[in-house]
Amino acid sequence: MPTPFDATTKELVRFQPEDWLALLGLPPEPCELVDTDLATVSTEVDRLIQVNSAQPYLVHIEFQAGHDGHKVPGRMLRYNVLAADQTDKTVLSYVILLRPEADSPSLTGFIEKMRPNGTRYLTFEYEVVRLWKLPVASVLRGGLATLPLALLCDLSATTPENVVTSMETRIELEAKMDERRKLWTSTYLLAGVRYSPEIAGKLLEKAVAQMKESMTYQKILADGREEGIETGKAIGRDEGKAEGKVDGERLLFLKVSRPRLGEPDAKTLAVINAASSETIELWADNLNRVESWSELIKV
């Protein structure tokens, strides 16, 4: 199942691919998104950037917010081999960890496979970017497409409010109107990795008004609504009732909560779909204080 941040991270990579080279410490070169049928394997592989240098190569980026970090090295190796085989190009692989909870001891940036006799038959290297260790100043100076990551970086030398002010200055000066909506929507959705919806809403008060006009936001709502309909069918609801229950507020709450708590079971989802706005707001406030759906919702 795609993560809650698939739509927005995909849009950001597609927006200005060259900005991601700077974030990853790669030399600036003309680049473009690569469309391959690897997307049938995973939506993560949609984030393939072709760098048109003297010797063209590919950059694969995977974003990780969930708790299954131990599975990431194997995925990186699999996608690297598939992309290289299909394109006949060198592929550099990067995993961007959006929060400390996504980290894992297995994310060493190195895979080694051994034969039964103890000799090595395969090695694979990939890069790990831990956003919370990345100085926010470097992202604030970077490209517009990576700017929405700023609130997830190391803020020890500043405050979230100052970061938002710096972002506002750049976005107002450098982005077109439709780009501003896209950037602020992405910032708000990604802020949910670190902050509760209430805090994110206060930090990004000016952005929230523009957010509903964003195509990224509309796509997330549409995806969430479709997902809610299918879940409703699975637990015995008809389409109309399921769609009516899963409104935008519930969808955003689920999108923010899933990276921390995982996928809710049918019983928990039924409670969420029946909850009032006040109850959902209370759950959102307590989200960072709990470790499971049952603890949060008391089902």
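Another point: the overall build of the protein. Helix and strand content of the protein: 14 helices and 7 strands. Among the 299 residues that make up the protein, the fraction classed as buried is 51%. Considering only contacts in the protein between residues 6 or more positions apart, those separated by 24 or more positions represent 61%. By element, 51% of the accessible surface of the protein is carried by carbon and sulfur atoms, the whole surface being about 14400 Å².

Let us now look at the sheet that holds strand S3 (residues 57-64). Pairing between the strands of a sheet comes from backbone hydrogen bonds, and it takes one of two forms, parallel or antiparallel. Pairing is mixed in the open sheet, where 5 strands are placed in the order S1-S2-S3-S4-S7. Edge positions in the sheet fall to strand S1 (31-33) and strand S7 (127-130), since each of these pairs with one other strand and no more. Across the sheet, the mean angle separating the axes of adjacent strands is 25° when strand polarity is ignored. Here strand S2 (residues 48-51) runs beside S3; their pairing, made up of 4 bridges, is antiparallel. Note on S3: the bridge partner recorded for Ile49 is Val59. The strands touched by helix H3 (residues 72-87) are S2, S3 and strand S4 (91-97); relative to S3, the strand with the most contacts, the crossing angle is about 155°.

One pass over the full model with this rule turns up 6 salt bridges. Across the pair Arg75 and Asp68 runs a salt bridge whose closest N-O atoms are separated by 3.6 Å. By relative accessible area, Arg75 is classed as buried at 16%. Two residues, Glu112 and Arg120, come together in a salt bridge whose shortest N-O distance is 3.0 Å. Among the charged side chains, a salt-bridge network with shared partners connects Glu62, Asp68 and Arg75.

A separate point is the packing of helix H5 (residues 160-174) against helix H6 (residues 177-191). It is the contact of H5 with H6, at a shortest axis distance of 10 Å, that shows an interaxial angle of 160°. In terms of orientation, H5 and H6 fall into the roughly antiparallel class. For the pair H5 and H6, the crossing hand works out as right-handed. Residues Val164, Met167, Glu168, Ile171, Glu172 and Glu174 of H5 touch H6, and the partners they reach there are Glu179, Arg180, Leu183, Trp184 and Thr187.

Our focus in this paragraph is the nonpolar core. Within the largest apolar cluster, 53 residues are counted, with the highest numbers of intra-cluster contacts made by Trp20, Val59, Ile96, Leu98 and Leu131. Top contributing element to this core by residue count: H6, with 6 residues. Leave out the neighbours within four places in its chain, and Ile96 touches Trp20, Leu23, Leu24, Ile61, Glu62, Phe63, Gln64, Val129 and Leu131. Counting residues in each nonpolar core, the second largest holds 15 residues, with Leu254, Leu261, Leu269 and Ile297 among its members.

Structurally, Ala157 can be placed in the loop between helix H4 (136-140) and H5. Look at Ala157 and you get exposed, because its relative accessible area is 79%. Along the sequence, Ala157 and Pro135 sit 22 residues apart, while their C-alpha atoms lie 8.6 Å from each other.

Below, the discussion takes up the pairing of S4. Summarising burial for S4: 6 of the 7 residues are buried, a large majority. Sheet topology note: the S3/S4 ladder contains 7 bridges and is parallel. Within S4, the residue paired with Gln64 across the bridge is Leu97. Since S3 and S4 lie parallel, the crossover through H3 that links them has a hand, and here it is right-handed. Examined bridge by bridge, S4 and S7 share 4 bridges and lie parallel to one another. Across the sheet, Ile96 pairs through a bridge with Val129, a residue of S7.

Moving on, we get to H3. Here H3 spans 22 Å end to end across 16 residues, near enough to the 22 Å set by a 1.5 Å rise per residue. On the buried face of H3, the contacting elements are S2, S3, S4, strand S5 (110-114) and strand S6 (120-125). Looking one or two residues beyond H3, the residue adopting positive phi is Asp88, at roughly 60°.

What follows covers the packing of helix H1 (residues 6-15) against H6. Interhelical geometry of H1 versus H6 gives an angle of 140° and a closest axis separation of 10 Å. When the axis of H1 is compared with that of H6, the two are oblique. H1 and H6 meet at a crossing whose hand is left-handed. Contact residues: Thr8, Thr9, Glu11, Leu12 and Phe15 in H1; Glu179, Lys182, Leu183, Ser186, Leu189 and Leu190 in H6. Class assignment of the residues belonging to the contact of H1 with H6 gives a composition of 5 nonpolar, 3 polar and 3 charged.

Calculation criteria
Residues numbered from 1 in each chain as written. Predicted model: local features only at pLDDT ≥ 70, side-chain atom pairs only at ≥ 80, totals over all residues. Heavy atoms only, no water. Helix = DSSP H or I, 4+ residues; strand = E, 2+ residues; numbered from the N terminus. Buried < 20%, exposed > 50% of the residue type's maximum accessible area, 1.4 Å probe, protein only. Contact = heavy atoms within 4.5 Å. Areas by Shrake-Rupley, 256 points an atom, 1.4 Å probe, with all protein chains shown as cover. Pairing = 2+ DSSP bridges. Axes fitted to C-alpha atoms, helices over the stretch in contact; angles between N-to-C directions. Salt bridge = Lys/Arg side-chain N within 4 Å of Asp/Glu carboxyl O. Parallel < 35°, antiparallel > 145°, perpendicular 65-115°, else oblique. Left-handed = near helix turned anticlockwise from the far one by under 90°. Core = buried A, V, L, I, M, F, W, Y, C linked by side-chain atoms within 4.5 Å. Right-handed = clockwise from strand over helix to strand, strands pointing away. Expected span 1.5 Å × (residues − 1). Nonpolar A, V, L, I, M, F, W, Y, C, P; charged D, E, K, R; others polar.

All we've got here are geometric facts, nothing functional implied.
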